[in-house]
Amino acid sequence: MKRTVLAASISLTVSGLLIAGVGSPAVAADAARPHPPKADKTQAVQDARDSIAAHPAAVRASSDDTFKSAAVLVDKDGTRHVHMTREYRGLPVLGGDVIVHSAPSGAFRESTLTLKKSLSLPVTPKVSAKRAETLAQQKFQGKRAKTTSKLVVDALSGTPRLAWQVTVDGIAPDQSPSHFNVLVDAVTGKVGQTWNAFHTAEGTGHGYQVGDVPLTTTAVSGGYQLKDATRGNGETRDAQNLTATNDSPPAGWGKAFTDTDNVWGNGTLSDRATVAADAHFGIQATWDYYKNVHGRSGIKNDGVGARSFVHYGNNYANAGWDDTSFSMIYGDGAPGDKPFTELDVAGHEMSHGVTSATAGLNYFGDAGGLNEATSDIFGTLVEFNANSAADTPDYLIGEKISSTPLRYMDDPKKDGVSQSCWTTNTKNLDPHYSSGVGNHFFYLLAVGSGSSQWGNSPTCDGGTVTGVGNDAAGKIWYRALTTYMTSGTTYPEARTASIKAAIDLYGASSSQCAAVEKAWSGVAVVPTSTTCGGTTPPPTGSNLLANPGFESGAVNWTSSSGVITNDTGATAHSGSYYAWLDGYGSAHTDTLSQTVTIPATATAPTLSFFLSIDTKESGTTAYDTLKAQVVNGTSTSTLATYSNATPSGYTQRTLDLSAFKGKTVTIKFTGTEDSSLATSFLIDDTAVTTG
């Protein structure tokens, strides 16, 4: 059930806003500098610090917040994008990260974040760390190694709360390393969100060979070793069919692959070095893709290569990336099957490391699907970039592991479990299945809709999409990931991020930007306020409605109790206040209205408003409805009816009021909810204009 809250005024003491790593408070204004700023990462971070101090409201900051730079991107023209983590009264804030965007001059432009308002909460736990760890351990299945906990602010969903983030390290039942994270409310002890920080590729086995490939190795005493000094000393080692004692393979664990003649493997599984050659080629191909296409030097962009461990576990039918040890593991597969060393699997898993080092996408909710989709996208692009004759590039994921692919990008639902079209319930799926929306989007953007040599891709809206090719599509996704996505990015927010990326790279009027919009609509992610034409502002000018964005609270409006709100359980289209009709999950009716006079001289009067529909219902039956109405005397006209059958993020709706010229009428919204399963209708930035 939704909750209403009283609006509270928040006073920000800018001079007390601290930036981690700075010995004194940040400058409290975008003051002119005595010398032109240098377009380097150090200056970019300083610009971001200055911007946060000068514009705390833009990043929802208070004097209790501190910030630390996590990733820095400086465009060729000097535009800066600094991804910063947040601490509140010394505690990490999950979902509190922000990207500060600065102009080449260093002036603040905008921010990207998911936090809706400044934090204000006590930080003294009522539940002990030991109790939280016990509760978390009860959720873990497998063999535990160690359990650790830290106090955090959980701002990932709903009202921010104090929580223990408990990490249970160990070995999962399938032999995978596990970093099982559990959030436990530090006040009530309620167990909340869980996720595994070790990412795996889903499957049952049947690996493949990369064929005859060149490998870069290192000369050592008596021969050669599978270590590539030209790619950050990326190394491939033999796990000897063991699992790591502390669930993360440390440096030096396993056995180095050495050879006297620099010829690795014999093309069959009788030689343990055969799959080592596969894995080592995977390191090379992934490094080369990111370096040559995106200018990224290694997974963390720090010139350091990753390690791969082959022959991991006993008949282990999986592969995975472990961010803690910065390494890949490959199992040999189930008995009778082949190892998990397919090229797109290598690119997929190591791309989890890229995501961790940039946007830091969570591994649950929409962000979890975007995390997995990002790895599928870049794993596919690694495969295309390598263009190996032994593994013809395609838009299938793990197609050589088993008799059927793990995932299909042209129409993800073909695997029977993934989603091809986004809904408000997508966030509740396993990330491997919610990734289908992102995979489908990328396929439409790169290849286009309909039949091609790669597959047959339908669209969810019946539209047609013309692809822009892998190069443009990959660059757009990479920039969106590294420049505009944060840990809690949703699919609608990913639409915004990729449109901004396309505008940056190709221009607002480009065919690439238009294709991004069509591809997102093709997977049912509806338009946000950001379009290729720019950000759609709330209606202004000759708006006949008073307090159209509700920022003055319930002033000038007549509504049901609690409808006009700044409740953080949902989100305004702009500002802090909005109208929230229904959302209770029980039989309920909410209304919202304002009386207005439409001049007889109006040329084309219209009613416009931004509407977001979030529902627990499923299917196409309209159980819960919102009616946009006009009351003229004793007569009520319904201009449009919206329902749970078409959930969407904020979308501007425009309705004709020509029939009411010269009359004083009441604009009315009526939300009606049935006896079960909640549907929320959110309205913001309303307008009645004369045309």
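Note that the structure is a prediction, hence the values are computed from the model and not measured.

Peer 1: Talk me through the packing of aromatic side chains; I want residue IDs and the actual numbers.
Peer 2: Overall, the coordinates contain 23 aromatic pairs when judged by the stated rule. Note on Tyr290 and Tyr478: the rings are 6.5 Å apart at their centroids and 50° apart in plane angle, and the pair reads as tilted. Separated by 188 residues along the polypeptide, Tyr290 in helix 3 (residues 273–294) and Tyr478 in helix 7 (residues 470–484) bring together distant segments of the chain. The class for Tyr478 is buried, based on a relative accessible area of 12%.

Peer 1: So what about unusual backbone geometry? Which residues, and what values?
Peer 2: One non-glycine residue, Asn301, lies in the positive phi region at around 60°. Looking at the secondary structure, you find Asn301 in the loop between helix 3 and strand 18 (307–312). Despite not being glycine, Asp582 shows a phi value in the positive range, around 65°. On the secondary structure map, Asp582 appears in strand 29 (residues 578–582). Residue class for Asp582 comes out buried when judged on its relative accessible area of 0%.

Peer 1: Outline the state of the cysteines, listing residues and values.
Peer 2: Under the definition given, this model contains 2 disulfides. At a sulfur-sulfur separation of 1.9 Å, the disulfide partner of Cys421 is Cys460. Residues Cys421 and Cys460 are joined by a disulfide whose S-S torsion is about -90°; by sign, that bridge is left-handed. With Cys421 in the loop between strand 22 (407–408) and helix 6 (431–446) and Cys460 in the loop between strand 24 (455–457) and helix 7, this residue pair connects regions lying 39 residues apart in the sequence. A relative accessible area of 29% means that Cys460 is categorised as partly exposed. Across a sulfur-sulfur distance of 2.1 Å, Cys513 and Cys532 are joined as a disulfide pair. Linking Cys513 and Cys532, the disulfide has an S-S dihedral of approximately -105° and is accordingly described as left-handed. Residue Cys513 is located in helix 9 (residues 511–522), and its partner Cys532 is located in the loop between strand 25 (530–531) and strand 26 (534–535); the two are separated by 19 residues in the primary sequence. There is no split in this pair, since Cys513 and Cys532 are both buried. Each bonded cysteine in the protein chain gets a number by its place in the sequence, and the pairs come out as 1-2, 3-4.

Peer 1: Can you tell me about the nonpolar core, naming the residues and giving the values?
Peer 2: In this structure, Phe378, Phe441, Met485 and Trp520 are the most contacted members of the largest nonpolar core, which totals 73 residues. The element that contributes the greatest number of residues to this core is helix 3, accounting for 10 residues. Among the nonpolar cores identified, the runner-up in size contains 35 residues, and Leu113, Leu119, Ala132 and Leu151 belong to it.

Peer 1: For the sheet that holds strand 31 (residues 606–615), give the residues involved together with the corresponding values.
Peer 2: What the 5 strands build is an open sheet, ordered 28-29-36-31-34; its pairing is antiparallel. Strands at the two margins of the open sheet, each flanked by one partner only, are strand 28 (564–565) and strand 34 (648–656). By the bridge criterion, 7 bridges tie strand 31 to strand 34 in an arrangement that is antiparallel. Its bridge partner lying in strand 34, Ser608 is registered against Thr654.

Peer 1: Help me get a handle on the pairing of strand 32 (residues 625–632), residues and values and all.
Peer 2: Sheet topology places strand 32 next to strand 33 (residues 635–643); 8 bridges connect them, and they run antiparallel. From the neighbouring strand, Val630 faces strand 33, where its bridge partner is Ser637. Turn length for the strand 32-strand 33 hairpin, with the two strands adjacent in sequence and antiparallel, is 2 residues, and the turn residue Gly633 shows positive phi of about 65°.

Peer 1: Got a sec to walk through the sheet that holds strand 17 (residues 258–259)? Specific residues and values, please.
Peer 2: Think of a sheet as strands paired side by side through backbone hydrogen bonds, with each pair either parallel or antiparallel. Pairing is antiparallel in the open sheet, where 3 strands are placed in the order 12-13-17. Two strands in the sheet have a free side with no partner beyond their single neighbour: strand 12 (218–220) and strand 17. By the bridge criterion, 2 bridges tie strand 13 (residues 223–225) to strand 17 in an arrangement that is antiparallel. Within strand 17, the residue paired with Tyr224 across the bridge is Asp259.

Peer 1: Outline the packing of helix 5 (residues 365–386) against helix 8 (residues 491–506), supporting the account with residue identities and numerical values.
Peer 2: Axis separation between helix 5 and helix 8 bottoms out at 9 Å; the angle between their running directions is 50°. The angle between helix 5 and helix 8 falls in the class oblique. Of the residues in helix 8, those touching helix 5 at Asp366, Gly369 and Leu370 are Tyr491, Pro492 and Ala494. Looking at side-chain class alone, the contact of helix 5 with helix 8 contains 4 nonpolar, 1 polar and 1 charged residues.

Peer 1: Mind laying out the pairing of strand 2 (residues 65–74), listing which residues take part and the relevant values?
Peer 2: As paired strands, strand 2 and strand 3 (residues 80–88) are joined by 9 bridges and run antiparallel to one another. By the bridge assignment, Asp65 is partnered in strand 3 with Tyr88. Counted between consecutive antiparallel strands, the loop separating strand 2 from strand 3 contains 5 residues, among which Gly78 sits at a positive phi close to 95°.

Peer 1: Talk me through the side chain of Gln629; I want residue IDs and the actual numbers.
Peer 2: Structurally, Gln629 is set in strand 32. Residue classification places Gln629 among the buried residues on the basis of a relative accessible area of 9%. Ignoring anything within four residues of it in the chain, the contact list for Gln629 reads Thr636, Ser637, Thr638, Leu639, Thr666, Ile667, Lys668 and Thr670.

Peer 1: Explain the pattern of salt bridges to me, and be specific about the residues and the numbers.
Peer 2: Throughout the structure, instances matching the rule amount to 16 salt bridges. Asp288 is the partner of Arg231 in a salt bridge, and the nearest nitrogen-oxygen pair spans 2.8 Å. One end of the pair, Arg231, is in the loop between strand 14 (227–228) and strand 15 (234–238); the other, Asp288, is in helix 3, and 57 residues separate them in sequence. When its relative accessible area of 21% is taken as the criterion, Asp288 is described as partly exposed. One salt bridge in this structure joins Glu372 and Arg407, with 3.9 Å as the shortest N-O distance. One end of the pair, Glu372, is in helix 5; the other, Arg407, is in strand 22, and 35 residues separate them in sequence. Its relative accessible area of 3% is what places Arg407 among the buried residues. Shared partners join several salt bridges into a network, and the residues in it are Asp75, Arg479 and Asp504.

Procedures and definitions
- Residues numbered from 1 in each chain as written.
- Predicted model: local features only at pLDDT ≥ 70, side-chain atom pairs only at ≥ 80, totals over all residues.
- Heavy atoms only, no water.
- Phe/Tyr/Trp six-rings, centres within 6.5 Å; stacked < 30°, edge-to-face > 60°.
- Helix = DSSP H or I, 4+ residues; strand = E, 2+ residues; numbered from the N terminus.
- Buried < 20%, exposed > 50% of the residue type's maximum accessible area, 1.4 Å probe, protein only.
- Disulfide = S-S within 2.5 Å.
- Core = buried A, V, L, I, M, F, W, Y, C linked by side-chain atoms within 4.5 Å.
- Pairing = 2+ DSSP bridges.
- Axes fitted to C-alpha atoms, helices over the stretch in contact; angles between N-to-C directions.
- Parallel < 35°, antiparallel > 145°, perpendicular 65-115°, else oblique.
- Contact = heavy atoms within 4.5 Å.
- Nonpolar A, V, L, I, M, F, W, Y, C, P; charged D, E, K, R; others polar.
- Salt bridge = Lys/Arg side-chain N within 4 Å of Asp/Glu carboxyl O.

Such coordinate-based values are descriptive only and should not be taken to indicate function.
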